[in-house]
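Results of the structural survey
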Amino acid sequence: MEDKVIEVNFGPQHPSTHGVLRIKVKLDGEIIVDAQPVIGYLHRNAEKLAEMGAYPKGMIYIDRLDYVAALNMELGYVLAVENLMDAQVPERAQWIRMLMVELNREASHLIWLGTHGLDMGMLTPFFYCFRERERILRIFDEITGSRLLYNYFAIGGVYSDVTPKAIEMIKEWTDDFVTKLEEIQSLLGKSYIYVSRTRGVGKLTADDVLSYGVTGPMQRASGIKRDVRKNSPYLFYDKVNFDIPSRTEGDVYARFLVRIEEMRQSASIVKQVLEKLPQGEFYNKKYSKPMLVRLKTTGESYVPTESPKGEFAIHLIGDGSSIPYRVRIRSPSFANLSSIPTMLKGYKIADLTASVSSMDPVFGEVDR
Amino acid sequence: MNLFFFLMSILYGIVKFLHINFVPFTFAGYPIGLWIAYFIVAVVEVVLVFALSMVAVIIIIYVFRKYMADAQNRIGPNRVGLWGTLQLIADVFKLIQKQDIIPTAADRTAYRVAPYLVFTPVILGFILIPFGNVSILNLMVVNFNYTILFLIAFMTIAPVGEIIGGLASHNKFSLFGALRSAAQDMGFEVPMLISLISVIILAGSYSANDIVTAQRFIPFIVPEILGFIVFFLAMIGRQSIPPFDLPESGSELVSGFSTEYSGMRYGIFYMGNFGFMALSAFVVAVVYLGGWEGPIFPGTIWLIVKGAVFIFIFLLIWISLGRVRIDHLLQMGWKYLLPLSVINLLISACIALFFGGLF
């Protein structure tokens, strides 16, 4: 029996590892006996680099953590810094942040949906997802001036206001996004092949989820209905109506359904934010760049936020100097990845790609 | 010598089929003139069919890329030639220019032979397809009593090329691809052959020509709808195109058996796959849709139209479905397709027993 087991390296250069994930897999025929994730191929020392400059300078490293949802990363940092120095943020700026973050969650989930389709052997949904994502990126381009890494949230507000043209674009997008999503979902969810390949695959029980610290859609697909936006609202999430989708199966199909439903909820949040967007300042003039660079604070802050991958937060410690003493990043994908051995053991090779892509890991965030 | 007699008998079959009557030139009792005539006819027809199959491959790849692009909100090739029609030729030139890389640990001979084992049977298979029955311009190169068996035999060789290529590459992913290819082909071959046997029972002949002629009133898809479903699914499985592209499975096994192949060797695999697609579309059209039989238009056009319909169905399935898992696939082959094909065999045996001479 021993001789039959062969060890295969999936990654770090492999078409379906979502970056540079390497999984050491022991295979008995097609069945996975053991799987161990190996990470660190994209390590850039983001935490230490962020600890070398003044508070606003850390932003560019934080931007590059989860590069498909950069605004969600920025939000975590900005909220932590503002909490640390008790900054006053104009109401409009907070609403704009919420709008942008939800849009970026959509963009991130669209990438996940497309690549998940690719991993299941379907090329077509990928292009549909990227078509929709492209529209969101155009909106971002209009508002922030860039498409992938924005550096848009500032301490005390946002760097530029939402233009009327951008609001038009967002309205246009919200009008038909749900129908488009339906179309993409039907390509996967109504296909017998897809459903039979994902149901009962890559199972995680509620206990597993809690013991591994798995958060986000994966957690909600395993029966734990927990969303930071609802449980400890940050911004104005208590002023909008939305549901937390959850399932109890804990398999790949449940994660698929949860994420799709989450996209619907995000679209409805965007709609509500557009209705409630107040007039006023988008930036607190008190916090100018020169002032921020010389800012000295002490204390600790930790503001959990719900990023597309799960609970994202930055533990910030100020020691009274103008640079942070510690920038500790709690990245959801890193914790989610730790569940790989449990998730894969006993399944087949084909289930490996399905399960790993259902976690939606982004390696900028895992390796920091 | 055996090969010589085999070739001669094939050539004799052609001339007999073409109804060529002339006084042969003989020397010392040997009909040398006849041999020369056979040879010329055979060469011309082989070249014609080879050209036809290559053109078919080129057209299919172009149509596939354009059609897929259209379904996916893309433009597809549009730079080389008019509407990008020459893209494939440009691709071939690019692939030929590439460095020929063979892994050091690979079995060099087997590694080199494998792509041709995939590609050659496709061309050989085209020779056996009855493309039409216009008496002197018959596009059927070879007609003897067992053409359909030879056709299936040629189609069986192609997966062997995949297996050899996968094993010779000395790469774990290739090995998995090769093993999957073997398992998949065994899973589909038996139901396919059994449903083919029911066709042979109905037609009363192993010859593709006779099978087509037997469908001049009712195509076999009507009495053998079960067999058609089995055969069609098996044909998709044999070509290893999505949803049954397990030997390659781009996302799991990198590229499966062709992981280590690059340059024109990979190109030959690629063209072999598309040629196989064309071949299997024509085989399905011949066996179940009555090949060249059809009113008004010449037979060749009918066959090409029927084949094109199947090619479009293949492409549509390719575009819209995901990949099945290996155990689901084997379950389908052994658990559903095999019993279905046996039921179909019983049905067609009953038909042949009670309405014997109808077809």
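Let's talk about the overall build of chain B
The helix and strand tally for chain B stands at 11 helices and 0 strands. Moving toward the C terminus, one meets the helices and strands of chain B in the order α-α-α-α-α-α-α-α-α-α-α. A total of 359 residues make up chain B; the buried ones form 51% of that total. Within chain B, contacts between residues separated by at least 24 positions form 76% of all contacts whose residues are at least 6 apart in sequence. Taken as a whole, chain B presents about 16200 Å² of accessible surface, with 74% of it coming from carbon and sulfur.

Some details on the packing of aromatic side chains
Counting across every chain of the model gives 33 aromatic pairs over all chains. Aromatic pair Trp-112 of chain A and Phe-256 of chain A: ring centres 6.3 Å apart, planes at 45°, arrangement tilted. Linking Trp-112 of chain A in helix 4 (residues 91-119) with Phe-256 of chain A in helix 11 (residues 252-276), this pair joins segments that are 144 residues apart in sequence. Among the aromatic residues, those joined into a ring-pair cluster are Phe-228, Phe-231, Phe-232, Tyr-288, Phe-310 and Phe-314 of chain B. For the cation-ring pair, Lys-230 of chain A lies above Phe-242 of chain A, with the distance from its terminal atom to the ring centre recorded as 4.1 Å.

Observations concerning the packing of helix 4 of chain A against helix 15 (residues 349-359) of chain A
Residues and elements named next belong to chain A. Direction vectors running N to C along helix 4 and helix 15 enclose 175°, while the axes themselves pass 9 Å from each other. Of the possible angle classes, the one that applies to helix 4 and helix 15 is roughly antiparallel. Seen from helix 4, the contacting residues are Trp-112, His-116 and Asp-119; seen from helix 15, they are Thr-353, Ala-354, Ser-357 and Ser-358. The class makeup of the residues in the contact of helix 4 with helix 15 is 2 nonpolar, 4 polar and 1 charged.

Thoughts on the pattern of salt bridges
Should their charged atoms come close, side chains of opposite charge can pair. Residue and element names in this part refer to chain A. With the rule as written, the count across this model stands at 38 salt bridges over all chains. Arg-92 is the salt-bridge partner of Asp-161, the closest N and O atoms lying 3.0 Å from each other. One end of the pair, Asp-161, is in the loop between strand 5 (157-158) and helix 6 (164-189); the other, Arg-92, is in helix 4, with 69 residues separating them in the sequence. Under the relative-accessibility criterion, Arg-92 is labelled buried at 6%. Between Asp-227 and Arg-229 there is a salt bridge, with its nearest N and O atoms 3.0 Å apart. Taking relative accessible area as the criterion, Arg-229 reaches 2% and is therefore assigned buried.

With respect to the interface of chain A and chain B
Opposite the 32 residues of chain A that make contact, chain B presents 25 residues. Between chain A and chain B lies a buried interface of about 2400 Å² when both sides are counted; carbon and sulfur atoms form 61% of it. On the chain A side of the interface with chain B, the three residues burying the most area are Glu-30, Phe-127 and Ile-193 of chain A, jointly 21% of the side's total. Taken together, the connections running from chain A to chain B amount to 2 salt bridges. The residue Arg-325 of chain B makes a salt bridge to Asp-351 of chain A at a minimum N-O spacing of 2.9 Å. Of all the secondary structure elements, the ones that give two or more residues to the side of chain A that touches chain B are strand 1 (5-10), helix 4, helix 5 (124-144), helix 7 (192-198) and helix 15 of chain A. No other element matches the 5 residues that strand 1 of chain A contributes to the side of chain A that touches chain B. Class assignment for the residues of the side of chain A that touches chain B results in 16 nonpolar, 9 polar and 7 charged.

Observations concerning the sheet that holds strand 3 (residues 31-38) of chain A
As summarised here, the arrangement of the 3 strands in space is 1-2-3 (chain A), forming an open sheet in which the pairing is antiparallel. Edge positions in the open sheet fall to strand 1 and strand 3 of chain A, since each of these has one partner strand only. Ignoring which end each strand starts from, the neighbouring axes of this sheet average 20° apart. Sheet strands touched by helix 15 of chain A: strand 1, strand 2 (22-28) and strand 3 of chain A. Its angle to strand 2 of chain A, the strand with the most contacts, is close to 155°. Of the strands in this sheet, strand 1 and strand 2 of chain A touch helix 6 (residues 172-203) of chain B, which is tilted by about 115° from strand 1 of chain A.

How each quantity is defined
- Residues numbered from 1 in each chain as written.
- Chains lettered and ligands numbered in written order.
- Predicted model: local features only at pLDDT ≥ 70, side-chain atom pairs only at ≥ 80, totals over all residues.
- Heavy atoms only, no water.
- Helix = DSSP H or I, 4+ residues; strand = E, 2+ residues; numbered from the N terminus.
- Buried < 20%, exposed > 50% of the residue type's maximum accessible area, 1.4 Å probe, protein only.
- Contact = heavy atoms within 4.5 Å.
- Areas by Shrake-Rupley, 256 points an atom, 1.4 Å probe, with all protein chains shown as cover.
- Phe/Tyr/Trp six-rings, centres within 6.5 Å; stacked < 30°, edge-to-face > 60°.
- Lys NZ or Arg CZ within 6 Å of the ring centre and 35° of its normal.
- Axes fitted to C-alpha atoms, helices over the stretch in contact; angles between N-to-C directions.
- Parallel < 35°, antiparallel > 145°, perpendicular 65-115°, else oblique.
- Nonpolar A, V, L, I, M, F, W, Y, C, P; charged D, E, K, R; others polar.
- Salt bridge = Lys/Arg side-chain N within 4 Å of Asp/Glu carboxyl O.
- Buried area = accessible area lost by both parts, 1.4 Å probe.
- Pairing = 2+ DSSP bridges.

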